[in-house]
2 protein chains.
Amino acid sequence: MLHLDLSNVSQFLPEGWRVREENGLKKAHEYLMEGTGAGSDYIGWVNLPENYDKKEFARIQKAAAKIRSDSKALVVIGIGGSYLGARAVIETVTSNNYNLVRGDNPAIYFAGNGLSADGLSEVIELVKDVDFSVNVISKSGTTTEPAVAFRIFKALLEERYGKEGARERIYATTDAKRGALKGLADKEGYEEFVVPDDVGGRYSVLTAVGLLPIAVAGIDIDALMTGAREEMERLHKPGMDNPAWQYAAARHALYDSGKKIEILAGYEPSFRFFGEWWKQLFGESEGKENKGLYPASVEFTADLHSMGQYIQQGERLMVETVVRFDKNHTKISIPDDPENVDGLNFLSGKQLSFVAEQALRGVTLAHVDGGVPNILVSVDARDEKSLGELIYFFEYSCGVSGYLLGVNPFDQPGVEAYKNNMYALLGKPGYEKQKAELEKRLGC
Amino acid sequence: MLHLDLSNVSQFLPEGWRVREENGLKKAHEYLMEGTGAGSDYIGWVNLPENYDKKEFARIQKAAAKIRSDSKALVVIGIGGSYLGARAVIETVTSNNYNLVRGDNPAIYFAGNGLSADGLSEVIELVKDVDFSVNVISKSGTTTEPAVAFRIFKALLEERYGKEGARERIYATTDAKRGALKGLADKEGYEEFVVPDDVGGRYSVLTAVGLLPIAVAGIDIDALMTGAREEMERLHKPGMDNPAWQYAAARHALYDSGKKIEILAGYEPSFRFFGEWWKQLFGESEGKENKGLYPASVEFTADLHSMGQYIQQGERLMVETVVRFDKNHTKISIPDDPENVDGLNFLSGKQLSFVAEQALRGVTLAHVDGGVPNILVSVDARDEKSLGELIYFFEYSCGVSGYLLGVNPFDQPGVEAYKNNMYALLGKPGYEKQKAELEKRLGC
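Each residue is numbered by its place in its chain's sequence as written, counting from 1. Lettering for chains starts from A, numbering for ligands starts from 1, and both go in the order in which the items are written. Restriction of local features to residues with pLDDT of at least 70 applies here, the model being predicted, together with a cutoff of 80 or more for giving and counting side-chain atom pairs; totals for whole chains, interfaces and linings are based on all residues. Remark: hydrogens and water are excluded; side-chain values derive from all non-hydrogen atoms of the structure.

Caption draft 1: Local environment of the interface of chain A and chain B. Each partner contributes to the interface: chain A provides 125 residues, whereas chain B provides 124 residues. Using a 1.4 Å probe, buried area is obtained as the accessible area two parts lose upon being combined, added over both of them. For the chain A and chain B pair, buried surface summed over both sides reaches about 10,600 Å², with 62% attributable to carbon and sulfur atoms. A per-residue breakdown of the area chain A buries against chain B is headed by A:Arg151, A:Tyr294 and A:His305, which together make up 9% of the total. Salt bridge criterion: a side-chain nitrogen from Lys or Arg within 4 Å of a carboxyl oxygen from Asp or Glu. Applying the counting rule to chain A against chain B returns 12 salt bridges. We note a salt bridge from B:Glu339 to A:Lys187, for which the minimum N-O separation is 2.4 Å. Put simply, DSSP H or I for four residues or longer makes a helix, DSSP E for two residues or longer makes a strand, and each gets a number counted from the N terminus. Per-element tally for the side of chain A that touches chain B: the top contributor is helix H14 (residues 352-369) of chain A, with 12 residues. Working rule for contacts: check all heavy atoms of both residues, and any pair within 4.5 Å makes them a contact.

Caption draft 2: Broad picture of the relation of the copies chain A and chain B. We place the copies in one frame by least squares, fitting the C-alpha atoms of every residue whose pLDDT is at least 70 in both. Once chain A has been moved 0.0 Å along the axis and rotated by 180 degrees, it coincides with chain B to within an RMSD of 0.0 Å. As the rotation angle and translation indicate, the two copies are arranged about a two-fold axis. In this assembly the copies share their binding face: 99% of the residues contributing to the interface of chain A also contribute to that of chain B.

Caption draft 3: Fine view of the environment of A:Leu74. Residues and elements named next belong to chain A. You can see Leu 74 is positioned in strand E2 (residues 73-77). Remark: the alpha-carbon pair of Leu 74 and Phe 110, spanning 36 residues in sequence, is separated by 8.5 Å. Filtering out sequence-adjacent residues up to four positions away, Leu 74 remains in contact with Ile 67, Ala 107, Ile 108, Tyr 109, Ser 133, Val 134, Asn 135, Pro 213 and Val 216.

Caption draft 4: Broad picture of the pattern of salt bridges. Within this structure, the stated rule accounts for 78 salt bridges over all chains. As a salt-bridge pair, B:Glu191 and B:Arg59 come within 2.9 Å of each other at their nearest N and O atoms. Residue B:Glu191 is located in strand E6 (residues 191-194), and its partner B:Arg59 is located in helix H3 (residues 54-70); the two are separated by 132 residues in the primary sequence. Under the relative-accessibility criterion, B:Glu191 is labelled partly exposed at 28%. Sharing partners across several salt bridges, the network here consists of A:Lys154, A:Glu158, A:Lys163, A:Glu164, A:Arg167 and A:Glu188. Remark: exposure states derive from per-residue accessible area (1.4 Å probe, protein chains only) relative to the maximum for the residue type, with buried under 20%, exposed over 50%, and partly exposed in between.

Caption draft 5: Here's a closer look at the confidence of the model for chain A. Values of pLDDT, ranging from 0 to 100, describe the predictor's confidence in every residue of the model. Of the residues in chain A, 100% have a pLDDT of 70 or more, and the chain-wide mean is 97. We note a pTM of 0.98 for the whole complex and an ipTM of 0.98 for its interfaces.

Caption draft 6: Inspection of helix H1 (residues 17-34) of chain A at higher detail. Residue and element names in this part refer to chain A. One less than the number of residues in a helix, times 1.5 Å, gives the span that helix is expected to have. For H1, spanning 18 residues, the distance from its first C-alpha to its last is 26 Å, which sits close to the expected 26 Å at 1.5 Å a residue. Maximum bend of H1: about 35 degrees, positioned at Asn 23. Turning to H1, its buried residues are Trp 17, Glu 21, Leu 25, Ala 28, His 29 and Leu 32. Where H1 is buried, its residues touch strand E1 (3-8), helix H10 (221-235), helix H11 (243-256) and helix H15 (384-405). Just beyond H1, the residue with positive phi is Gly 35, at close to 70 degrees. What is called the bend at a residue is the angle between a pair of axes, fitted to the seven residues leading up to and ending at it and to the seven starting from it.

Caption draft 7: View of the pairing of strand E10 (residues 374-381) of chain B. Residues and elements named next belong to chain B. Burial analysis of E10 places 7 of its 8 residues in the buried class, the great majority of the element. Sheet topology places strand E1 (residues 3-8) next to E10; 4 bridges connect them, and they run antiparallel. Counterpart to Leu 4 in the pairing with E10 is Val 377. Judged from the 7 bridges that link them, strand E9 (residues 318-327) and E10 form a sheet pairing that is parallel. Here the rule is simple: two strands pair whenever DSSP picks up at least two bridges between them.

Caption draft 8: Here's a closer look at the side chain of B:Ser270. Secondary-structure assignment places B:Ser270 in the loop between strand E7 (261-266) and helix H12 (272-286). Setting aside chain neighbours within four positions, we find B:Ser270 in contact with B:Glu91, B:Thr92, B:Ser95, B:Asn96 and B:Arg382.

Caption draft 9: A look at the sheet that holds strand E3 (residues 107-111) of chain B. Residue and element names in this part refer to chain B. Read across the open sheet, the 5 strands follow the order E3-E2-E4-E5-E6; overall the sheet is parallel. Here the strands that pair on one side only, and so sit at the sheet edges, are E3 and E6. On average, each strand axis in the sheet is inclined to that of its neighbour by 20 degrees, with strand direction left out of account. Relative to E3, strand E2 (residues 73-77) runs parallel, the two being bridged by 5 bridges. If you follow Val 75 over to E3, its bridge partner there is Tyr 109. Geometry is summarised by axes, namely lines fitted to C-alpha atoms with helices restricted to the contacting stretch, and by angles between N-to-C directions that run from 0 to 180 degrees. Those strands touched by H3 are E2, strand E4 (132-137), strand E5 (170-174) and E6, and its axis lies near 135 degrees from that of E6.

Caption draft 10: Quick look at the side chain of A:Lys259. Residue and element names in this part refer to chain A. Residue placement: Lys 259 occurs in the loop between H11 and strand E7 (261-266). Within the buried set, Lys 259 has no salt-bridge partner at all; the shortest N-O distance to an opposite charge, 9.3 Å, is to Glu 315. A polar atom in the side chain of Lys 259 sits 3.4 Å from the backbone oxygen of Gly 371. The contact partners of Lys 259, leaving out residues within four places of it in the chain, are Leu 254, Leu 293, Arg 316, Leu 317, Met 318, Val 319, Gly 371 and Pro 373. For the charge count, each Lys or Arg is scored as positive and each Asp or Glu as negative, with His and the chain ends excluded. Polar contacts here mean pairs of N or O atoms no more than 3.5 Å apart (in protein, one a potential hydrogen donor and the other a potential acceptor; neighbouring residues in sequence count only if both atoms are side-chain atoms).

Caption draft 11: Local environment of the sheet that holds E2(A). All names here are of chain A. The strand order E3-E2-E4-E5-E6 describes an open sheet built from 5 strands, whose pairing is parallel. Each edge of the open sheet is held by one strand with a lone partner, namely strand E3 (107-111) and strand E6 (191-194). Strand-to-strand twist across the sheet, computed as the mean angle between neighbouring axes with direction ignored, equals 20 degrees. Lying on the sheet, helix H3 (residues 54-70) is in contact with E2, strand E4 (132-137), strand E5 (170-174) and E6; it crosses E6 at an angle near 135 degrees. The strands that helix H8 (residues 180-188) touches are E4, E5 and E6; relative to E5, the one it contacts most, it runs at about 145 degrees.

Right, dumping it as structure tokens:
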């Protein structure tokens with residue numbers, strides 16, 4: 001079960017900070033439960049771990065089994081929330097080197113999340129000689145990065161397997177009713193999964209968006225949903241002992257006290273992309289109206305030898321949130337060295353996990369002493385159930401936290417700015433006036 | 001040749017900002033050139049691209065050739081500056097998926113940079129059935145993470161190849177004269193390379209620390225040094241047109257004006273770990289005395305769909321520094337779709353790199369309009385020479401910038417805090433009193 005430890009927070013806050021957050025928390029909770037807050041068209045994720053479409057879930061499992069039987073690789077085409085959740089769960093549960101250590105599981109290659117020709121060429125090359133399938137994930141079907149990648153991989157599949165064969169290998173996760181990709185999928189007869197209207201991209205990991213690639217990697221999506229559901233049941237109970245209330249309150253009080261950056265720290269290399277998912281969740285939900293903690297992430301103990309100096313003694317702007325997995329998959333006992341060359345024989349025979357645990361405790365106290373408040377989130381293991389708990393915990397906390405901050409946690413009005421400029425510079429029809437203005441500024 | 005563009009900086013600064021930095025820049029430059037500033041025992045990197053040990057360089061190339069001929073994998077054991085530089089260069093020049101696409105080059109596995117049992121077990125498993133060598137990189141030989149990993153891989157090699165065979169496969173990069181690893185290497189007869197006394201870890205990528213693993217990956221270290229040397233020659237000339245002066249001045253003026261975070265943005269997935277190297281360089285050099293820009297990194301355009309919202313509209317604390325590679329390795333032309341399902345036929349036949357370039361320009365203007373100053377660093381390509389330029393450019397800029405900030409850019413006093421706590425909690429002899437105190441605080 002997920003456990004939250006705030007024992008290294010209160011000393012950084014004025015007395016009575018919890019009490020001062022209580023009304024805001026009640027209101028935020030109500031917004032999420034009753035759908036009465038800003039952005040309430042996008043709170044389908046709140047009850048999702050219970051209310052998900054069971055028939056579609058079974059189809060996801062069936063499709064995953066088919067892909068696992070007829071494909072050595074799955075190309076997942078999507079950007080932002082359409083790939084970060086799946087990549088986060090796959091890597092955290094298995095390895096950041098999933099594709100090197102996957103055994104008989106299909107390789108999973110993420111494409112269409114950028115505009116690098118070299119990045120895309122690499123995936124094309126990697127599937128050159130293996131049977132593969134494509135999961136294209138896009139609500140509209142018109143976002144530039146995934147749309148360009150899909151044009152290419154669709155052509156590759158049709159060339160390799162013919163038009164008939166290709167349509168058996170394309171899985172479209174898209175809008176239930178409308179949009180370019182929906183239209184194409186209907187026409188071509190691709191198997192379709194739904195990006196729900198009431199779940200935004202950054203909250204979509206427990207929909208088909210995340211679940212299909214996760215299941216293809218051989219990960220138990222039933223257990224993932226169970227973990228999320230159990231966490232949901234806990235967090236839907238109002239009260240100051242609700243861990244999501246506590247986390248949101250601490251973040252908000254610390255932000256109010258002048259903190260500007262929240263660093264998510266893990267101690268497992270496989271956790272790196274969970275940090276990327278978490279950064280989207282909080283950054284995109286709260287980073288608006290010139291507000292919000294800037295979300296950053298680090299991998300300890302590695303980054304204690306890179307970012308550690310700054311965290312210990314740089315600007316005092318940071319809050320540190322650590323995610324701990326209580327159990328490891330494997331055990332390593334530290335060998336004895338009769339000559340004790342490195343002076344570490346006091347560790348001989350000890351488990352490496354024991355050393356890691358003392359590191360975590362020592363780091364926490366060092367950073368606290370350096371003026372960095374520390375929040376500790378513990379779960380049982382790098383397994384599906386714990387990941388489900390973590391995902392729902394951060395999602396719910398983020399909703400509450402966004403409301404405490406006074407923003408709409410479910411929109412992302414700032415994402416359009418670069419897109420519009422890019423479309424104009426690319427010469428998209430209808431953007432002629434903006435193009436001329438931008439080119440003038442660029443001195444073309 | 002590296003090009004710096006500051007045209008999107010001045011509008012965020014009071015008039016005359018360059019002039020106000022000039023005296024500080026002259027002084028900082030002199031500190032580096034004459035060795036008269038704080039931390040001047042650690043400025044061996046300043047002339048390194050010219051003054052490096054040519055005989056050792058030849059030995060590095062020879063050792064790399066031997067490893068490439070007798071090993072399918074190299075395990076690189078080191079933490080912080082002892083792995084980030086090598087990983088940054090290898091991935092940026094080849095791919096973030098180097099081990100998947102390496103062809104006939106040996107796999108490179110980085111170990112001993114953390115305390116995860118699962119992470120370490122994974123590398124053990126990956127070399128189980130292949131011939132491998134080990135490059136252990138540690139000035140002292142007593143740092144916990146690499147020392148523990150070295151105990152394990154040394155034992156594995158000795159088990160596999162016998163004591164004689166193992167010593168032919170262990171390469172020790174360590175202190176020239178003293179220390180635990182130096183003593184062991186002398187006794188065992190390992191081939192030795194030097195971590196120079198006057199080059200700190202974060203500045204060590206162009207010493208044997210970085211060069212041996214880089215060369216093993218099949219990367220041309222001669223060209224890397226050439227790029228660094230050419231950049232060095234440019235940057236050693238004082239003057240306000242010196243790009244390192246300009247970058248350092250802009251960072252300093254922006255910091256003085258209230259900016260708190262510098263985000264390094266790249267548009268290539270392979271650039272991710274260069275960002276990690278850069279974060280250590282700047283974070284560890286400047287993050288002290290409660291000062292310094294917090295270094296963060298993003299991968300565009302992917303992260304425009306995660307961190308983009310915050311950058312566009314969150315707290316106005318950020319400076320964005322973009323690294324652009326003018327050329328790609330590969331070309332991808334966007335296919336036409338007769339039915340234009342996604343509405344992107346206005347891009348048909350266009351190069352993907354053209355789209356990426358318009359994205360970069362559009363993003364820059366969008367972020368500038370959102371209140372984020374933008375610094376653009378361009379180099380020719382993702383090749384050795386350009387990487388040499390980038391490395392030296394950031395190193396020199398960082399030295400200048402640290403002096404402008406009024407700190408010693410070459411120490412890292414804050415890194416000891418966690419280590420001391422960890423040693424105490426682990427029961428290291430001599431730490432008994434501290435252990436009791438810490439355990440009391442932890443409520444044990």
